[in-house]
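Listed here are the chains, written in short residue letters.
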Amino acid sequence: MINKLQMKELMSVFFLVVFLGGLSGFMFSRVGLSAVTAIRGSVPLEAEADLADMEGRYVTYEAKYPLGEYLEVTKVTKKYGVTQSSKKDSSAYVVFDEAREVFLSIQVGADRCSEMEAIPDKYQEAIDKGEEDFSGILVSGSLDRLTGEDLEYYIEAMEDAGLSVDEVVYHIADKKIRGNSMSNVYGFTAIGLLMGLMALAILFTVLKDPVKKRVNRYLSAHPNVTLSQLEADFAAARKVDSVWVGQNWTFAANLKEVLFDNREVVWVHSRSERSGRSVSFYVYAELMDGTTRRLSVSSEKNSRQVMELYAGFPHIVRGSNPEYAYLYQHDRDAFLNMKFRGTQE
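Now for a look at the structure at hand. Here the structure is a predicted model, which is why all the values come from computation and not from measurement.

## Re the overall build of the chain
Counting its secondary structure elements, the chain contains 13 helices and 17 strands. Taking 20 Å as the expected radius of gyration for a compact globule of 345 residues, we find that the chain reaches 35 Å, considerably beyond that expectation. Here the chain, with 345 residues, has 39% of them falling under the buried criterion. Long-range contacts, defined as pairs at least 24 residues apart, comprise 58% of the intrachain contacts of the chain with a sequence gap of at least 6. Accessible area for the chain stands at about 19900 Å²; split by element, carbon and sulfur atoms hold 52% of it. Across the chain, the centroid of the 39 positively charged side chains sits 17 Å from that of the 48 negatively charged ones.

Printed below as a string of structure tokens:
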């Protein structure tokens, strides 16, 4: 009995836990440990640092010598699947790294393109004033290898300018870690953590108060009842969905109490509850002391079948008649006189 009920309870949450766990894993797979990297902060890409050693790290770099834009990325907005407009999202530039005498690819958002394009004027102004140094713009992102279609555009621009292309081209996208924007990094990580914590919370809730523990509580509260009596009643009980209705007790793993005494039930009725697009079906067992036991089932058909299982109990009122609800709530004596008291004489 206990094993069957425990397995039923675990299976009832298994798919939800797997779904939440899978969703959590998917979110983390999108960003990895980028959130940890972002929280730790970027490290300066020092002039003496080797690019190969710094590959993959979250760095801050001062871009001072842009040669020009080689790639413009646009963002298309759609409504009902129809393109409404497109606007510039970011631009990638070929930037000369004076310290290492190599060329880098630096990508900045559309809001910073004007800063990048103003650097040559700052450089010329510094020369005119006889100054040796001037400020570029600081970009922070992961130092990655340029690959794919972006690399092809980069090579094309370099060849057009008559410049050689290094065997490995390094790329920094401002405010991005491994191609993910900071909002995505924090967003996906937060959702992943939330889904993972929800899965753990569900498992913890089920495992911290197992069926055996709840059955033992019932036995402690009812010293005249033995475990063998419960097991015998469960073995002979009629089952619908996750509900077992025996001659003396009703058992259900999704009940907080696991079981209740059928002799204490005075009324059973069913109800469906809608939440968004999903519909839940329940059978409510109202007890003589005014408490309620809610039995969850998977369909309206199953709720009707559970209701039918109580047809053999002459002391139980069945059905969702509004008059029953009124009497049960406002005139309990009259309600009990309908069936319950007549069968107790």
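## Re unusual backbone geometry
With a phi close to 60°, Glu-101 is a non-glycine residue in the positive phi region. Within the secondary structure layout, Glu-101 lies in the loop between strand S4 (82–97) and strand S5 (102–109).

## Notes on the environment of Val-59
For Val-59, the location among the structural elements is in strand S2 (residues 58–63). Taking relative accessible area as the criterion, Val-59 reaches 0% and is therefore assigned buried. Taking the C-alpha atoms as reference points, Val-59 and Ile-172, 113 residues apart in sequence, are found 8.4 Å from one another. Not counting chain neighbours up to four residues away, the residues in contact with Val-59 comprise Ser-42, Val-43, Leu-45, Met-54, Val-139, Ser-140, Gly-141, Leu-143 and Ile-172.

## Here's the deal with the pattern of salt bridges
Scanning the model with the defined rule gives 13 salt bridges in all. The salt bridge involving Glu-72 is made with Lys-88; its shortest N-O contact spans 3.9 Å. With Glu-72 in strand S3 (residues 66–79) and Lys-88 in strand S4, this pair connects stretches of sequence that are 16 residues apart. When its relative accessible area of 44% is taken as the criterion, Glu-72 is described as partly exposed. Between Glu-308 and Arg-318 there is a salt bridge whose closest N-O contact spans 3.7 Å. Of this pair, Glu-308 sits in helix H10 (residues 300–309) while Arg-318 sits in strand S17 (residues 317–318); the two residues are ten residues apart in sequence, bridging distant segments of the chain. Salt bridges sharing common partners tie together Glu-69, Glu-72 and Lys-88.

## Section: the layout of surface pockets
Considered as a void within the structure, the largest pocket measures approximately 440 Å³ in volume. In terms of lining, the largest pocket is formed by 17 residues, of which the most central are Glu-9, Ser-12, Val-13, Ala-253 and Asn-254. The element contributing the most residues to the lining of the largest pocket is helix H1 (residues 2–31), with six residues. Looking at the lining of the largest pocket residue by residue, the class counts come to seven nonpolar, four polar and six charged.

## Comments concerning the packing of H1 against helix H7 (residues 182–208)
Between H1 and H7, the least distance of the axes is 8 Å, while the angle of their chain directions is 165°. For the element pair H1 / H7, the angle class is roughly antiparallel. Here H1 runs over H7; the crossing is left-handed.

Rules of the game
- Residues numbered from 1 in each chain as written.
- Predicted model: local features only at pLDDT ≥ 70, side-chain atom pairs only at ≥ 80, totals over all residues.
- Heavy atoms only, no water.
- Helix = DSSP H or I, 4+ residues; strand = E, 2+ residues; numbered from the N terminus.
- Rg over C-alpha atoms; globule rule 2.2 N^0.38 Å.
- Buried < 20%, exposed > 50% of the residue type's maximum accessible area, 1.4 Å probe, protein only.
- Contact = heavy atoms within 4.5 Å.
- Areas by Shrake-Rupley, 256 points an atom, 1.4 Å probe, with all protein chains shown as cover.
- Lys, Arg positive; Asp, Glu negative; His and termini not counted.
- Charge placed at Lys NZ, Arg CZ, Asp CG, Glu CD.
- Salt bridge = Lys/Arg side-chain N within 4 Å of Asp/Glu carboxyl O.
- 1 Å grid on protein atoms, 1.4 Å probe; cavity = no way out; pocket = protein on both sides within 12 Å on 5 of 7 lines; lining within 4 Å.
- Points joined across faces, edges and corners; volume = space filled by probe spheres on them.
- Nonpolar A, V, L, I, M, F, W, Y, C, P; charged D, E, K, R; others polar.
- Axes fitted to C-alpha atoms, helices over the stretch in contact; angles between N-to-C directions.
- Parallel < 35°, antiparallel > 145°, perpendicular 65-115°, else oblique.
- Left-handed = near helix turned anticlockwise from the far one by under 90°.

Interpretation in functional terms is not warranted from these geometric data alone.
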